[in-house]
Amino acid sequence: MRTEQEMMELILGFAKEDGRVRAVILNGSRANPDAPRDGFRDYDIVFAVTEVEPFVLDRSWIGRFGEVLIMQTPDESAILPPEKKRPGFAFLMLFADGNRIDLTFWPVDRLGEMEEDSLSVLLLDKDGAIGELPPPSVRGHLPQPPTAAQFAACCNEFWWVSTYVAKGLWRRELPYAKAMLEGPVRAMLMQMLKWYVAEMSDYRADPGKEGKYLERHLPSDMWAQLVRTYPDGDYARIWTALFETGELFRRSALSVAERRGFAYNRREDANVTAYLRRVRALPR
């Protein structure tokens, strides 16, 4: 695998030699002083360019960065299209040596339209148009305190979709049951755990994308319980995981509610929990 120094020299060398590239910004984990230092960190790069289209139409420049193992261009995806058209265009490139560059070309005259990222380091500014950026930090990636409406909606979605899991388990519809558990139910649990961690740290702790740093911040018993919410394809173990998920959600939600002064809908919780038990006990 090429070293970080080699990769940065390659990226900046390309930018310095190509007159169309006017500035280079580093984002993401390599700009995060608290991120794990390993070879799996992407090089999240923005090239501010005079024109984007030439780089999209003629892609011969890609070979300059190495042998591509696999590449994705989300801005032209037919199966996962972007939510809205944007002036930039991204090339996500994993190379044969294991390095990955997520390279976005963005028109230099429309930099003001680019989403602000607190994890940004200015590597090159040929025209001095960008100016000094603040020191990179996770401040823009930390959870924000929920409103009472957001908290209530999260709780309601969690308990509502939990009934779908039970239905799928009773019907022996494994893909459906797993999709509901690992989709919307898991999403609401992770959201509540992120709020819990944020509340316990006065909104200074970073749970990470998809909660990848939760082990750092959760009490050990809560982390162990979270681990138990990830079952395999066995129906009995999925039932057990579903009830573990409910207990963990309840514990974290009650704590968030107490600290924020919110009302936790205990009736909704009790009703659904009793319903889940009844469905599990139903004969086939």
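Draft legend 1. The sheet that holds strand β4 (residues 89-95), seen in detail. With mixed pairing, six strands are arranged side by side in an open sheet as β3-β4-β5-β2-β1-β6. Unpaired on one side and paired on the other, β3 (68-72) and β6 (120-125) mark the two borders of the sheet. On average, each strand axis in the sheet is inclined to that of its neighbour by 20°, with strand direction left out of account. Bridging between strand β1 (residues 21-27) and strand β2 (residues 43-49) involves six bridges; their strand directions are antiparallel. When the bridges of β2 are listed, Val-21 appears paired with Val-49. The strands touched by helix α1 (residues 4-17) are β1, β2, β5 (100-107) and β6; relative to β2, the strand with the most contacts, the crossing angle is about 10°.

Draft legend 2. Representation of the packing of aromatic side chains within the structure. On inspection of all chains with the given rule, the structure shows 17 aromatic pairs. Between Phe-14 and Phe-47 the ring centres are 5.8 Å apart and the planes differ by 10°, which places this aromatic pair in the stacked class. Placement of Phe-14 in helix α1 and of Phe-47 in strand β2 is noted, with a sequence separation of 33 residues between them. Owing to a relative accessible area of 0%, Phe-47 belongs among the buried residues under this scheme. Between Phe-14 and Phe-65 the ring centres are 5.2 Å apart and the planes differ by 40°, which places this aromatic pair in the tilted class. One end of the pair, Phe-14, is in helix α1; the other, Phe-65, is in the loop between α2 (53-57) and β3, with 51 residues separating them in the sequence. Assigned by exposure class, Phe-14 and Phe-65 land together as buried.

Draft legend 3. Region of interest: the packing of helix α6 (residues 220-228) against helix α7 (residues 235-260). Look at α6 against α7: their axes get within 8 Å of each other, and the N-to-C directions meet at 145°. Crossing geometry of α6 relative to α7 is assigned as left-handed. Each of Asp-221, Met-222, Gln-225, Leu-226 and Arg-228 in α6 lies in contact with α7, whose residues at this interface are Ala-241, Glu-244, Glu-247, Leu-248, Arg-251 and Ser-252. In terms of residue class, the contact of α6 with α7 is built from four nonpolar, two polar and five charged.

Draft legend 4. Broad picture of the pairing of β2. β2 sits mainly inside the fold: seven of its seven residues count as buried. Residues Tyr-43, Ile-45, Phe-47 and Val-49 of β2 are buried on one face, and the alternating residues Asp-44, Val-46 and Ala-48, pointing to the opposite face, are buried as well. As judged from the seven bridges shared by β2 and β5, these two strands associate in the parallel manner. Residue pairing in the sheet places Ile-45 in a bridge with Leu-103 of β5.

Draft legend 5. Summary view of helix α4 (residues 174-200). For α4, with 27 residues, the first-to-last C-alpha span of 36 Å sits near the 39 Å given by 1.5 Å per residue. Remark: Asp-202 follows α4 within two positions and exhibits a positive phi of approximately 55°.

Draft legend 6. Region of interest: the pattern of salt bridges. Under the counting rule described, the total for this entry stands at 19 salt bridges. For the salt bridge of Arg-20 with Asp-18, the shortest nitrogen-to-oxygen distance reads 2.8 Å. By relative accessible area, which is 32% here, Arg-20 ends up partly exposed. Exposure remark for Asp-18: the relative accessible area of 13% places this residue in the buried category.

Analysis parameters
- Residues numbered from 1 in each chain as written.
- Predicted model: local features only at pLDDT ≥ 70, side-chain atom pairs only at ≥ 80, totals over all residues.
- Heavy atoms only, no water.
- Pairing = 2+ DSSP bridges.
- Helix = DSSP H or I, 4+ residues; strand = E, 2+ residues; numbered from the N terminus.
- Axes fitted to C-alpha atoms, helices over the stretch in contact; angles between N-to-C directions.
- Contact = heavy atoms within 4.5 Å.
- Phe/Tyr/Trp six-rings, centres within 6.5 Å; stacked < 30°, edge-to-face > 60°.
- Buried < 20%, exposed > 50% of the residue type's maximum accessible area, 1.4 Å probe, protein only.
- Left-handed = near helix turned anticlockwise from the far one by under 90°.
- Nonpolar A, V, L, I, M, F, W, Y, C, P; charged D, E, K, R; others polar.
- Expected span 1.5 Å × (residues − 1).
- Salt bridge = Lys/Arg side-chain N within 4 Å of Asp/Glu carboxyl O.

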